[in-house]
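Given next are the chains, with one letter for each unit.
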Amino acid sequence: MILDGKAVSEKRLEILKERIEESGLYPRLATVIVGEDPASQMYVRMKHRACERVGIGSVGIELPEDATTERVLEAVTRLNNDPDINGILVQLPLPAGVDTARVIEAVAPDKDVDGFHPCNLGRLFSGTPLFAPCTPQGIMTILDEYNIPIRGRRAVVVGRSIDVGRPMAALLLNADATVTICHSKTENLEAEMRNADILVSAVGKAKFVGPEMVKEGATVIDVGINQDEQGKLCGDVDFEAVKDRAGAITPVPGGVGPMTIATLMENTFRAAKLRTCNSTTVW
Ligand code: GUN
């Protein structure tokens, strides 16, 4: 079974648009981008476009490549104090000269729609999340939409970043999976991966996951965005080699990627509801 993240995201965005209309609210997202990295610029443009589609207002703050940490903190503080802004997203990576941890910690936790603030990661790990990072939360939505069972299943997450690997493990744990986090220093990685009923790869290496690493019938979630030898976009998983062994698998493109933006839109609506009616439910 192909897990069609593009189709799920389209469906969720349509439902969200209706929910926002019914609510009478006008949520607003602010993005902050520092420098002119073309990939970051493209992601931010896609986020603004999604906002427009569902009825969320958006403002974009653009700072020069040589902006100081203080300058970025000043922009974030202004957005924290602006009652018309519900969600704040600082596009990562920031230029090397900017202290990323300080900037992330400066975002007001109740506007932190990326879910990267230690306060939100702590809530997530303590089992009482407010905002969870969009990519892993989007993966949970795909699993839910396709009725993939999680409770009691063995989940293996490969990668331990704060935006994907760690929060992914916490979300799966909160959903009662038995979770293993693997990384570059893991011994017997292949054996660990072959144990997985749900295998999530967030490694960033083209065609890293081959069929020998996948249990027959496993659900395989590919978070990678890489280029193969021909320069073509591909995930961490050797899709053609793994697809017949997996029970369910996300393609790249069209799998996890579209869910990240759909989840960002949901988180922004939840932030607006949190502010206006102290509720964070979307549905
Ligand atoms: N850069 C790559 N992915 C993301 C994301 O999900 N959020 C932010 N803020 N920056 C990113």
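Not measured: the values here are computed from a predicted model. (Residues numbered from 1 in each chain as written. Predicted model: local features only at pLDDT ≥ 70, side-chain atom pairs only at ≥ 80, totals over all residues. Heavy atoms only, no water.)

In this section: the pattern of salt bridges. Taken as a whole, this structure holds 13 salt bridges when the rule is applied. A salt bridge links glutamate 14 to arginine 53, with the nearest nitrogen and oxygen atoms 3.1 Å apart. Highlighted residues: glutamate 14 in helix 1 (residues 5-23) and arginine 53 in helix 2 (residues 38-54), separated in sequence by 39 residues. Of the residues examined, glutamate 14 reaches a relative accessible area of 39% and is grouped as partly exposed. With a shortest N-O distance of 3.6 Å, arginine 19 and glutamate 22 are connected by a salt bridge. (Salt bridge = Lys/Arg side-chain N within 4 Å of Asp/Glu carboxyl O. Helix = DSSP H or I, 4+ residues; strand = E, 2+ residues; numbered from the N terminus. Buried < 20%, exposed > 50% of the residue type's maximum accessible area, 1.4 Å probe, protein only.)

All right, on to the site of the ligand then. In the vicinity of the ligand, the contacting residues are Lys47, Leu89, Val90, Gln91, Leu92, Asp114 and Phe116. Contacts to the ligand include valine 90, whose backbone N or O atom sits 2.8 Å from a nitrogen atom. Aspartate 114 is positioned such that a nitrogen or oxygen atom in its side chain is 2.5 Å from a nitrogen atom of the ligand. Contact with the protein chains hides 79% of the accessible area of the ligand, taken as 280 Å² for the molecule alone. At a threshold of 2 Å from the grid points, most atoms of the ligand map onto the largest pocket. When its residues are assigned to classes, the shell around the ligand shows four nonpolar, one polar and two charged. (Near = heavy atom within 4 Å. Polar contact = N/O pair within 3.5 Å; in protein donor to acceptor, adjacent residues only side chain to side chain. Areas by Shrake-Rupley, 256 points an atom, 1.4 Å probe, with all protein chains shown as cover. 1 Å grid on protein atoms, 1.4 Å probe; cavity = no way out; pocket = protein on both sides within 12 Å on 5 of 7 lines; lining within 4 Å. Sits in = over half its atoms within 2 Å of the grid points. Nonpolar A, V, L, I, M, F, W, Y, C, P; charged D, E, K, R; others polar.)

Of the consecutive residues leucine 92 and proline 93, the connecting peptide bond is found in the cis state with omega at 0 degrees. In this model, valine 252 is joined to proline 253 through a cis peptide bond whose omega is 0 degrees. Take proline 253: it is sitting in the loop between strand 10 (248-249) and helix 10 (256-277). The phi torsion at aspartate 176 lies on the positive side, around 75 degrees, for a residue other than glycine. For aspartate 176, the position within the fold is in the loop between helix 7 (165-174) and strand 5 (178-182). On the accessibility criterion, aspartate 176 (44% relative accessible area) is partly exposed.

Once that is clear, we can look at a nonpolar patch on the surface. Taken together, the side chains of Met42, Tyr43, Met46, Ile225 and Leu233 make up a nonpolar region of the molecular surface, amounting to roughly 420 Å² of accessible area. Per-element accounting of the nonpolar patch gives the leading share, three residues, to helix 2. Positionally, leucine 233 belongs in strand 9 (residues 233-234). Here leucine 233 falls in the partly exposed class, since its relative accessible area comes to 38%. (Patch = residues over 30% accessible without salt bridge, like charges linked within 9 Å, V, L, I, M, F, W, Y side chains within 5 Å.)

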